[in-house]
Amino acid sequence: MKLRYLWRKRKSVIVTWLFSYSAVLFVPMLMSIIIYYQSSEALKSEIHRANGSLLEQVKYSIDTQVDLMKRLNTEILWNNKLQSLMYSTKTPSDAQFLAYQVVQDFQTYQTSYASIDEFYVTWEQTSSILRPGNVRDSKVAFDTIHNTGSLSYKDWLDTLTRTSSSQFLLLPHADAAAPQSSIAYVTHMPKNLQGRSTGTIVIMADTDRFQKAIESVEGFSGGQVLVVNKDKQVLLSNMPIEHNMQPLLDTITVGEDRSMSTQSINGDSELLSIPSGVSDLMYVLVIPRNVYWQKAEYVRQFTYISIFISFLGAAVLTWFFLRRNYSPIRNLVQSLSDKNAHEERTDWNELSFIQKAVINTRSEKEQIALQLQHHHNLLRSNMLSRLLKGKLDGPIPIQEAFKTFQIKFESDQFAVIMLAIENMENVYTSLSGMEIQDKRKFIQFIITNVMEELVGIRCHEGYVAEVDDMMVCLINFAENEEADYREDLQEIAAEAQKFLTRFQMNLTVSISGIHPMLSGVSQAYQEAMDAMEYKMVLGKREIIAYDDIRFESAALQKGYYYPLHVEQQIINFIKAGDFDHASQLVEEVTKRNFDKPAVSLTLARCLIFNFVGTMVKAINELGDADQSFLADNPLWMDTIIACETIQEMQEELQRLLQTVCTAAAAKVESNLSKDRAESLRKLISEVTQYIQECYHDSNLNVNTIGERFQLKASYLSKMFKNMTGEGLPDFINSLRIHEAKTLIKHKQISITEAAKMVGFNEVATFIRVFKKYEGITPGKYKEMN
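About the cut-offs
Residues numbered from 1 in each chain as written. Predicted model: local features only at pLDDT ≥ 70, side-chain atom pairs only at ≥ 80, totals over all residues. Heavy atoms only, no water. Axes fitted to C-alpha atoms, helices over the stretch in contact; angles between N-to-C directions. Helix = DSSP H or I, 4+ residues; strand = E, 2+ residues; numbered from the N terminus. Parallel < 35°, antiparallel > 145°, perpendicular 65-115°, else oblique. Left-handed = near helix turned anticlockwise from the far one by under 90°. Contact = heavy atoms within 4.5 Å. Nonpolar A, V, L, I, M, F, W, Y, C, P; charged D, E, K, R; others polar. Buried < 20%, exposed > 50% of the residue type's maximum accessible area, 1.4 Å probe, protein only. Pairing = 2+ DSSP bridges. Patch = residues over 30% accessible without salt bridge, like charges linked within 9 Å, V, L, I, M, F, W, Y side chains within 5 Å. Areas by Shrake-Rupley, 256 points an atom, 1.4 Å probe, with all protein chains shown as cover. Salt bridge = Lys/Arg side-chain N within 4 Å of Asp/Glu carboxyl O. Core = buried A, V, L, I, M, F, W, Y, C linked by side-chain atoms within 4.5 Å. Arc of directions from axis to C-beta. Polar contact = N/O pair within 3.5 Å; in protein donor to acceptor, adjacent residues only side chain to side chain. Phe/Tyr/Trp six-rings, centres within 6.5 Å; stacked < 30°, edge-to-face > 60°. Lys NZ or Arg CZ within 6 Å of the ring centre and 35° of its normal. pLDDT = per-residue confidence, 0-100.

A word on the packing of helix H4 (residues 80–87) against helix H5 (residues 92–112)
- Two elements in contact, H4 and H5, have axes whose closest approach is 9 Å; the angle formed by their N-to-C orientations is 150°. It follows from the interaxial angle that H4 and H5 lie roughly antiparallel. As H4 runs across H5, the sense of the crossing is left-handed. Residues Lys 81, Leu 82, Ser 84 and Leu 85 of H4 pack against Ala 95, Leu 98, Ala 99, Gln 101, Val 102 and Asp 105 of H5.
- Each residue belonging to the contact of H4 with H5 can be placed in one class, and the counts come to six nonpolar, two polar and two charged.

Spelled out as structure tokens, the structure:
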């Protein structure tokens, strides 16, 4: 149970605060780490700078000696006597004398370059060595200069031969101090005209001269200083060279860059390198990483101590402020959860619990307010509805109800404006994503606000309510003797009708007369209802004022026009299927009845229904005894009754009239077609009988038959084919061939006689026609039978 409680407590705000406050610890820790690394980098940089300065001093000292070696090499190389000796053809005696002069010049060079320990030139032509003051054989010179036991004579020759020109090498020197080695600068002289090697210049400086320049670096940093040639061969080192040094040297980049470079080697050492300023040598300093870490140990210890102190102080402050800040929230949660103490909490985050409690409280308050407002609107609408219908008595006195619903009247002059939406379905369709009830409320809200604002602009009081599916606005006029109330009503209706088109509402608006006192409100409502009824005559989307239709009683006295002879004319036109004349006559009667200031609604409906009765009479007179046409159109009267305006009734009446005329025309056409078909069948029968009687006449053809029946030959032939499916000439020929077959088969007569007996003047024509219909000649047919 304890573990379950702690697991739920993980969502508590105190846990969130604990992590939040703990996050503050990362700031000093991060700063300490940054300071530590920055300090380490600074120390490292200072060590590198100091070592780089010493390495620069080493470079300067060694480059000075190297520069002397290269200058001596240049003087020897451009010595005229040496070049004459190497590149001219002389007698052996002259060559020996010239060699003597060269070595005498070498003595002068030896005096000028005292820091050069040894130099000589190999004379390839005689396998001799030219040294200051003497000329020796190569083997003798090797034993004198290089024979320390570390290099053989053959290896020495190979080294001088194979080494590239202008190369620094490490060669043994017998006269040098331990370890009897020197750095040699080897340069090959140009080849002669025969392409043979002439000689090699070797200039040597003992290593002990360079060693003193790098001893100070070891004492400062404990690093190892190396002098490396371009082949990455170590020429000089202040420490013994380890066996794994060559992979480290391979990482050095030898190029044109003359600046100092630093790189890390396997995470254990730092390597500083700088190229020589006068040669292709490279000066390298390898520093163990622990050198500068030892110097940064103080900073590291200080960083650890500061982190520990920060953590301890932050923990104490975190605990103190957690307890102090959490107490008010805990008390607030307890006060909010007391009412539901019997229920188990599901939200263990205190802030979330408080937020939900506040939201629920506000939601409940808003729902109660909405319900009260809804009930208030319903009661207000019900009170206005009762007032409009003249029911002033109720459980609450009318004046008290006015105060309750904040209704106040400025005067005792009242009027009513009624609004009917003619395209409610379209309006509902435009309000997608809402329930039907919500759509209805939204429309009522829009109309109420628009009407009450338009009335208020004119300083009147307006109150809107829904009565019998229509919106009704009760208007109480302000006391103003100069105001034209009727004009205000017209303007309010027109502006409302125009403005509400923005919401795709097509309105018919009716306006009552102006009545005094509250008792006149019901009369104003009734007048608005009566005016709204007249949209059947005047059409939808109109503004109908009751004062404009008061003279209906006068219109009733002008009579009703639809005489019997006119009805009979319409029936005759319908029976003939003449829609144009029937429609014209109906429009004349309609115009004569409706072109009045105001027509009676009862007489208007009566006239339309009489027109429908006229059409039924016409259908009966056409002989529709079984009432099949009327049975196919059972909703005539229902369609007419469903129309809301006279204009709609007239449009529907015209459609029905066209349907009836079309049916009548079809019936007349059907009767005519039956009579004509019977006469045609009788004519074809007579023609067929005449052909059967006169087929043996050779003059019988389409023209003679047409003359016989007083018809054109082409018309007769076409009519015969349409009725029988066979052309008239084909029928005559097929009949003659049939009779000829009978004569040939049953009477033993010749082909010629048979042809004449059936109406053919020429035997050839008979044979051709016989073969066309039978596929064989008459002679062949006679043989077969």
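Considerations on the environment of Glu 452
- Tracing the sequence through the fold places Glu 452 in helix H15 (residues 436–457).
- With a relative accessible area of 28%, Glu 452 lands in the partly exposed category.
- Discounting chain neighbours no more than four positions away, the residues touching Glu 452 are Arg 380, Gly 462, Tyr 463 and Val 464.

Quick notes on the sheet that holds strand E1 (residues 118–123)
- One open sheet accounts for six strands, arranged E3-E2-E1-E6-E5-E4; its pairing is antiparallel. Among the strands making up the open sheet, the edge pair consists of strand E3 (134–137) and strand E4 (167–172). Taking the axes of each pair of neighbouring strands and ignoring which way they run, one obtains an average angle of 30° across the sheet.
- Where E1 meets strand E2 (residues 128–131), three bridges bridge the pair, whose relative direction is antiparallel. Pairing of Trp 123 across the sheet is with Ser 128, part of E2.
- On top of the sheet, H4 reaches E1 and E2; it is set at about 30° to E1, its chief contact.
- Contacting E1, E2 and E3, H5 crosses the sheet at an angle of about 160° to E1.

Some words on the pairing of strand E11 (residues 282–288)
- When you tally the buried positions in E11, you get six out of seven residues, the bulk of the element.
- Bridge count between strand E7 (residues 224–228) and E11: five bridges; the pairing is antiparallel. If you follow Val 227 over to E11, its bridge partner there is Tyr 283.
- Inspection of the sheet shows strand E10 (residues 269–275) paired to E11 by seven bridges, in the antiparallel sense. Residue Leu 271 lies in a different strand from E11, and its bridge partner there is Val 286.
- Linkage of E10 to E11, two consecutive antiparallel strands, is achieved through a turn of six residues.

Looking at a nonpolar patch on the surface
- On the surface, a nonpolar cluster with roughly 460 Å² of combined accessible area is contributed by Val 27, Leu 30, Met 31, Ile 34 and Ile 35.
- Along the polypeptide, Leu 30 turns up in helix H3 (residues 26–77).

Side note on the nonpolar core
- Judged by nonpolar contacts, the single largest core of 43 residues is most densely connected at Ile 76, Val 121 and Leu 130.
- When residues of this core are assigned to their parent elements, the largest contribution, eight residues, is made by H3.
- In this view, Leu 130 contacts Leu 82, Leu 85, Met 86, Ala 99, Val 102, Val 103, Phe 106, Tyr 120, Val 121, Trp 123 and Val 135; residues no more than four positions away in its chain are not counted.
- Formed by 32 residues, the second largest nonpolar core is a distinct cluster that contains Ile 691, Val 702, Leu 743 and Ala 754.

Considering the packing of helix H28 (residues 728–746) against helix H30 (residues 763–774)
- Viewed as axis vectors pointing N to C, H28 and H30 meet at an angle of 95°, and their least axial separation amounts to 10 Å. Classed by the angle they form, the pair H28 and H30 counts as roughly perpendicular. Residue-level contacts link Asp 730, Asn 733, Ser 734, Ile 737, Ala 740, Lys 741 and Ile 744 of H28 to Phe 766, Val 769, Phe 770, Lys 772, Tyr 773 and Glu 774 of H30.
- When the residues that make up the contact of H28 with H30 are grouped by side-chain class, the tally is seven nonpolar, two polar and four charged.

Re H4
- Of the residues making up H4, those classed as buried are Leu 82, Leu 85 and Met 86. In a view along the axis of H4, the buried residues occupy a sector of 90°, so they form one face of it.
- Here the buried face of H4 lies against H3, H5, E1 and E2.
- Two or three places before Lys 81, at the opening of H4, Asn 79 has a side-chain oxygen 3.0 Å from that residue's backbone nitrogen.

Quick word on the packing of aromatic side chains
- Considering all chains together, one arrives at 16 aromatic pairs under this definition.
- The interplanar angle of 90° and the centroid separation of 6.0 Å between the aromatic rings of Tyr 690 and Phe 709 together place this pair among those described as edge-to-face. Within this pair, whereas Tyr 690 is found in helix H25 (residues 646–694), its partner Phe 709 is found in the loop between helix H26 (702–708) and helix H27 (713–724), the two being separated by 19 residues in sequence. Considered together, Tyr 690 and Phe 709 belong to a single accessibility category, that of buried residues.
- Through a chain of ring-to-ring contacts, three or more aromatic side chains come together here, namely Tyr 120, Phe 142, Tyr 153 and Trp 156.
- Geometry around Tyr 153 places Lys 139 over its ring, the cationic atom sitting 5.7 Å from the centre.
- When the ring centre of Phe 709 is taken as reference, the NZ or CZ atom of Arg 708 above it lies at 5.0 Å.

Here we look at the confidence of the model for the protein chain
- With 79% of its residues at a pLDDT of 70 or more, the protein chain shows a mean pLDDT of 77.
- Contacts of residues 552–557 to residues separated by more than four positions or lying in other chains number six contacts, the stretch itself having pLDDT below 50.

Some thoughts on the environment of Ile 571
- Along the chain, the position of Ile 571 falls in helix H20 (residues 564–575).
- On the accessibility criterion, Ile 571 (2% relative accessible area) is buried.
- Spatially, the C-alpha atom of Ile 571 lies 7.3 Å from that of Lys 617, the residues being 46 residues apart in sequence.
- Beyond its immediate sequence surroundings of up to four residues, Ile 571 is in contact with Thr 614, Lys 617, Ala 618 and Glu 621.

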